[in-house]
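# A look at the structure
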Amino acid sequence: MPLRSPLYLDTDTLLAQADYHEIEVQRREEIVEKTVRRRSGGGKLGLGPAGLDASVGRDVERQATYSLEPNVKANVSKAIDGLIRQGAVRVVTSRPEAIEVLGRDELVEIEGNTRITAASLIGKMFFVLRRLVENGGLDQLTTTLNTTDPRLREQMERVYLRNELPPVPLLLELEGSGLPYKVYVNVSPNHFIDEASPNRVEGELRVLGTVSRTIDDSPDGFLSAEEWLLSGWEWMLRRTMMTRIDEVLSDLRRSMTDQGIALPDEDVDVYIGGPAIVVDAIALY
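Residues numbered from 1 in each chain as written. Predicted model: local features only at pLDDT ≥ 70, side-chain atom pairs only at ≥ 80, totals over all residues. Heavy atoms only, no water.

## A look at the side chain of E173
Quick note on the threshold: Segments assigned H or I by DSSP are reported as helices when at least four residues long, segments assigned E as strands when at least two residues long, and all are numbered from the N terminus. In this scheme, a residue with accessible area under 20% of its type's maximum is buried, one over 50% is exposed, and one in between is partly exposed, where area comes from a 1.4 Å probe on protein chains only. Polar contact is defined as a pair of N or O atoms within 3.5 Å, subject to the rule that within protein one atom must be able to donate a hydrogen and the other to accept it, and that residues adjacent in sequence are counted only when both atoms are side-chain atoms. Every residue pair with non-hydrogen atoms within 4.5 Å of one another is taken to be in contact.
Note that E173 resides in strand 8 (residues 170-175). The exposure class assigned to E173 is buried, which follows from its relative accessible area of 7%. Polar side-chain contacts of E173 include one of 2.7 Å to the side chain of R115. Not counting the four nearest positions on each side in its chain, E173 is found in contact with N113, T114, R115, T117, K182, V183, Y184 and D267.

What follows is the structure in structure tokens.
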């Protein structure tokens, strides 16, 4: 199998999966080396022809400590290869007809083209608004949306023009998997390999992760997108916001349009409709 170069990696979860399936992987090691030297004072006492060794010896112990870090790319690749060989990972290929049904908590590897959904684009804005109104209330939120507050413009430019990644989860849609339902990927903000990686979450990628939700195509088959829209908001305030989300989103879309930021019309914003699955990402590569 090829050596993988992850741009996103939840190391603890990957190693936990490897442990659970009894796959050997390298771990960080603390190495302690000890050396002992015998020191002698030298010299002789003049008692007899040969004299008597008068040196006073002592042992001197030296200790050196250092760490051995496993190579990330090699370790990740070995762990994933081992999981696939054991059949612990359901690999979705270009012909997924034999793997159409994926259940909750299954470990999967799916390839396709990822893109950030409108729910996350709007979620970034709600994060900006929360920073601006955290000392106010809902009335101030509405006022902020309907004014040309320079603070709002500056924050929007940071997030949308300078591509700042707020500490909120991202919801990606993975297209082109060949599965007969939509695939969404939940990406935590805490596990990117380097600062440039958030710029590369859109594109042709493989996703290793765990199916966290399945959404059927029944009349009740939908999932609220509030965890991506309102991440970090207080629970009761989140409930209140969701009761008036259509009004707030309408104002928000208008404000973003005025700033020259267009959101897709047909995309996830308030709800994820079925049939669909949501995969919690462990690695993107």
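## Side note on the environment of R130
Inspection of the secondary structure assignment puts R130 in helix 3 (residues 118-133). For R130, a relative accessible area of 23% translates into the label partly exposed. Those residues within four positions of R130 in sequence are excluded, and the remaining contacts are S231, G232 and W233.

## Focus: the pattern of salt bridges
It is possible for side chains of opposite charge to pair when their charged atoms get near one another. Convention followed: Within this document, salt bridges are pairs made up of a side-chain nitrogen of Lys or Arg and a carboxyl oxygen of Asp or Glu, the two lying within 4 Å of each other.
Applying the stated criterion across every chain yields a total of 8 salt bridges. A salt bridge links R4 to D81; its shortest N-O distance comes to 2.8 Å. In this pair, R4 is assigned in the segment before strand 1 (8-9) and D81 in helix 2 (residues 72-85), connecting sequence segments 77 residues apart. Across this residue pair, the class does not change: R4 and D81 are buried. By sharing partners, the salt bridges in this structure join R115, E173 and E175 into a single network.

## A closer look at the pairing of strand 8
As a reminder, the rule being used: Whether two strands pair depends on DSSP finding at least two bridges between them.
Counting buried residues in strand 8 gives 5 out of 6 residues, a clear majority hidden from the surface. Note: strand 7 (residues 107-116) against strand 8, 4 bridges, orientation antiparallel. From the neighbouring strand, N113 faces strand 8, where its bridge partner is E175. Looking at chain direction, strand 8 and strand 9 (residues 182-187) are connected through 5 bridges and run antiparallel. Counted as the bridge partner of L174 is V183 from strand 9. The antiparallel pairing of strand 8 with strand 9 creates a hairpin that spans 6 residues between the two strands, and G176 there sits at a positive phi of about 80°.

## A look at the packing of helix 1 (residues 11-20) against helix 2
To be explicit about the condition: Only the stretch in contact is used when fitting a helix axis, every axis being a line fitted to C-alpha atoms; angles between N-to-C directions are given from 0 to 180 degrees. By definition in this entry, angles of less than 35 degrees are roughly parallel, angles greater than 145 are roughly antiparallel, angles of 65 to 115 are roughly perpendicular, and the rest are oblique. Take the far helix as your reference; a near helix turned counterclockwise from it by less than a right angle gives a left-handed crossing, and one turned clockwise gives a right-handed crossing. Only Asp, Glu, Lys and Arg are considered charged in this grouping, and only Ala, Val, Leu, Ile, Met, Phe, Trp, Tyr, Cys and Pro are considered nonpolar; every other residue, Gly among them, is considered polar.
Closest axis-to-axis distance for the helix 1/helix 2 pair is 10 Å, and the angle between their directions is 45°. Compared by their axis directions, helix 1 and helix 2 come out oblique. Taken as a pair, helix 1 and helix 2 cross one another with a handedness that is left-handed. Residues L14, Q17 and A18 of helix 1 lie in contact with helix 2, whose contacting residues are V76, A79, I80 and L83. Broken down by class, the residue content of the contact of helix 1 with helix 2 amounts to 6 nonpolar, 1 polar and no charged.

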